[in-house]
Amino acid sequence: MVPVIDVFKCNGCGACVKRCPPKIIGLIKDKAVILVQLCEECGICAEVCPIKAIHFKVPYAGIVETHEAYAVKR
Ligand code: SF4
Ligand code: SF4
(Lines give C-alpha, C1' and ligand atoms only; values in the text may rest on other atoms or scores of the structure.)
(Ligands and ions follow the chains in the order given, each with its own letter.)
Protein backbone atom coordinates (compact mmCIF):
# COMPACT_ATOMS: atom_id res chain seq x y z
CA MET A 1 0.00 0.00 0.00
CA VAL A 2 1.22 3.49 -0.76
CA PRO A 3 0.14 6.79 0.80
CA VAL A 4 -1.80 9.22 -1.37
CA ILE A 5 -2.40 12.88 -0.53
CA ASP A 6 -5.73 14.52 -1.27
CA VAL A 7 -4.34 17.84 -2.44
CA PHE A 8 -7.72 19.49 -2.25
CA LYS A 9 -7.97 18.63 1.44
CA CYS A 10 -4.32 19.19 2.46
CA ASN A 11 -3.86 22.54 4.19
CA GLY A 12 -0.06 22.41 4.29
CA CYS A 13 0.18 22.16 8.08
CA GLY A 14 3.41 20.14 7.77
CA ALA A 15 2.59 17.55 10.44
CA CYS A 16 3.29 14.67 8.08
CA VAL A 17 6.48 16.33 6.84
CA LYS A 18 7.86 16.53 10.39
CA ARG A 19 6.91 12.98 11.38
CA CYS A 20 7.82 10.90 8.31
CA PRO A 21 10.78 8.75 9.50
CA PRO A 22 12.71 8.66 6.20
CA LYS A 23 11.92 12.37 5.54
CA ILE A 24 10.42 11.81 2.12
CA ILE A 25 7.49 14.22 2.42
CA GLY A 26 7.85 17.83 1.40
CA LEU A 27 5.59 20.77 0.62
CA ILE A 28 5.06 22.19 -2.84
CA LYS A 29 2.70 25.13 -3.13
CA ASP A 30 1.66 24.42 0.48
CA LYS A 31 0.58 20.89 -0.39
CA ALA A 32 2.23 17.70 0.89
CA VAL A 33 4.03 15.60 -1.72
CA ILE A 34 5.49 12.14 -1.07
CA LEU A 35 8.34 10.34 -2.82
CA VAL A 36 6.35 7.12 -2.68
CA GLN A 37 9.09 4.93 -4.10
CA LEU A 38 11.09 5.62 -0.93
CA CYS A 39 8.12 5.09 1.40
CA GLU A 40 8.56 2.60 4.24
CA GLU A 41 4.79 2.18 4.55
CA CYS A 42 4.78 2.88 8.29
CA GLY A 43 1.46 4.73 8.18
CA ILE A 44 2.58 7.55 10.47
CA CYS A 45 1.78 10.30 7.97
CA ALA A 46 -1.85 9.22 7.78
CA GLU A 47 -2.07 8.89 11.56
CA VAL A 48 -0.78 12.39 12.25
CA CYS A 49 -2.70 14.23 9.55
CA PRO A 50 -5.28 16.23 11.52
CA ILE A 51 -7.77 16.37 8.65
CA LYS A 52 -7.34 12.85 7.24
CA ALA A 53 -6.00 14.05 3.91
CA ILE A 54 -3.82 10.94 3.46
CA HIS A 55 -5.11 7.49 2.63
CA PHE A 56 -3.44 4.28 1.52
CA LYS A 57 -4.10 2.47 -1.70
CA VAL A 58 -2.81 -0.41 -3.72
CA PRO A 59 -0.53 1.03 -6.40
CA TYR A 60 -1.45 0.83 -10.06
CA ALA A 61 0.28 -2.07 -11.75
CA GLY A 62 3.56 -0.93 -13.19
CA ILE A 63 3.96 2.56 -11.73
CA VAL A 64 6.13 1.42 -8.86
CA GLU A 65 8.03 -1.38 -10.52
CA THR A 66 11.26 -0.02 -9.13
CA HIS A 67 9.92 -0.40 -5.59
CA GLU A 68 11.14 -3.77 -4.30
CA ALA A 69 7.91 -4.52 -2.47
CA TYR A 70 5.87 -4.24 -5.66
CA ALA A 71 8.32 -5.59 -8.22
CA VAL A 72 6.34 -7.34 -10.95
CA LYS A 73 7.37 -10.95 -11.47
CA ARG A 74 7.83 -11.79 -15.12
S1 SF4 B 1 3.96 5.82 5.30
FE2 SF4 B 1 5.70 6.38 6.67
S3 SF4 B 1 7.50 6.42 5.31
FE4 SF4 B 1 5.69 6.47 3.99
S5 SF4 B 1 5.36 8.64 3.59
FE6 SF4 B 1 4.08 8.06 5.37
S7 SF4 B 1 5.32 8.53 7.18
FE8 SF4 B 1 6.70 8.50 5.40
S1 SF4 C 1 -0.54 16.47 7.80
FE2 SF4 C 1 -2.26 16.42 6.34
S3 SF4 C 1 -2.91 18.55 6.11
FE4 SF4 C 1 -0.88 18.57 7.08
S5 SF4 C 1 0.57 18.80 5.34
FE6 SF4 C 1 0.33 16.60 5.73
S7 SF4 C 1 -1.33 15.92 4.34
FE8 SF4 C 1 -1.42 18.15 4.49
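If you're wondering where the values come from, they're calculated on a predicted model, not measured in any experiment. (Residues numbered from 1 in each chain as written. Chains lettered and ligands numbered in written order. Predicted model: local features only at pLDDT ≥ 70, side-chain atom pairs only at ≥ 80, totals over all residues.)

**Q** So what exactly am I meant to see when it comes to the overall build of the protein chain here?
**A** Across its full length, the protein chain holds 2 helices and 4 strands. Seen in sequence order, the protein chain has helices and strands lined up from the N terminus as β-α-β-β-α-β. Considering only intrachain contacts with a sequence separation of at least 6, the fraction spanning at least 24 residues in the protein chain is 58%. (Helix = DSSP H or I, 4+ residues; strand = E, 2+ residues; numbered from the N terminus. Contact = placed C-beta atoms within 7 Å.)

**Q** Mind showing me how you'd approach the site of ligand 2 here?
**A** What surrounds ligand 2 is a group of 14 residues, the closest being Cys10, Cys13, Ala15, Cys16 and Cys49. The residue inventory of the shell around ligand 2, partitioned by class, reads 11 nonpolar, 3 polar and no charged. (Near = placed C-beta within 6 Å. Nonpolar A, V, L, I, M, F, W, Y, C, P; charged D, E, K, R; others polar.)

**Q** What is the right way to look at the site of ligand 1 in this model?
**A** Taken together, 14 residues sit near ligand 1, with Cys20, Cys39, Glu40, Cys42 and Cys45 positioned nearest. Residue composition of the shell around ligand 1, by class: 11 nonpolar, 1 polar and 2 charged.

**Q** Before we go on, may I ask you to explain the nonpolar core in this structure?
**A** Soluble, globular proteins show a tendency: their nonpolar side chains are buried together. One finds Ile5, Cys16, Cys20, Ile25, Ala32, Cys45, Cys49, Ala53 and Ile54 forming the largest nonpolar core, which totals 9 residues. When neighbours within four sequence positions are excluded, Ala53 is seen to be in contact with Ile5, Asp6, Lys9 and Cys10. (Core = buried A, V, L, I, M, F, W, Y, C linked by C-beta atoms within 7 Å. Buried ≥ 20, exposed ≤ 12 C-beta atoms within 10 Å, placed from the backbone.)

**Q** Help me understand unusual backbone geometry, please; the structure alone is not making it clear to me.
**A** Located in the positive-phi region is Glu41, a residue other than glycine, with phi close to 55°. Its identity as a non-glycine residue notwithstanding, Lys52 has a phi of 55°, on the positive side. Counting through the fold element by element, Lys52 comes out in the loop between helix 2 (44-48) and strand 4 (54-57). Overall, the presence of 10 C-beta atoms within 10 Å leaves Lys52 in the exposed class.

**Q** Looking at this structure, I do not really get the pairing of strand 1 (residues 2-5). What am I missing?
**A** Within a regular strand, the side chains alternate between the two sheet faces. Side chains Pro3 and Ile5 of strand 1 all project onto a buried face; the interleaved residues Val2 and Val4 project onto a face where none is buried. Here 4 bridges tie strand 1 to strand 4, and the two strands are oriented antiparallel to one another. Across the sheet, Val4 pairs through a bridge with His55, a residue of strand 4. (Pairing = 2+ DSSP bridges.)

Note that every value here comes from positions in space, so none of it alone points to a role or purpose.
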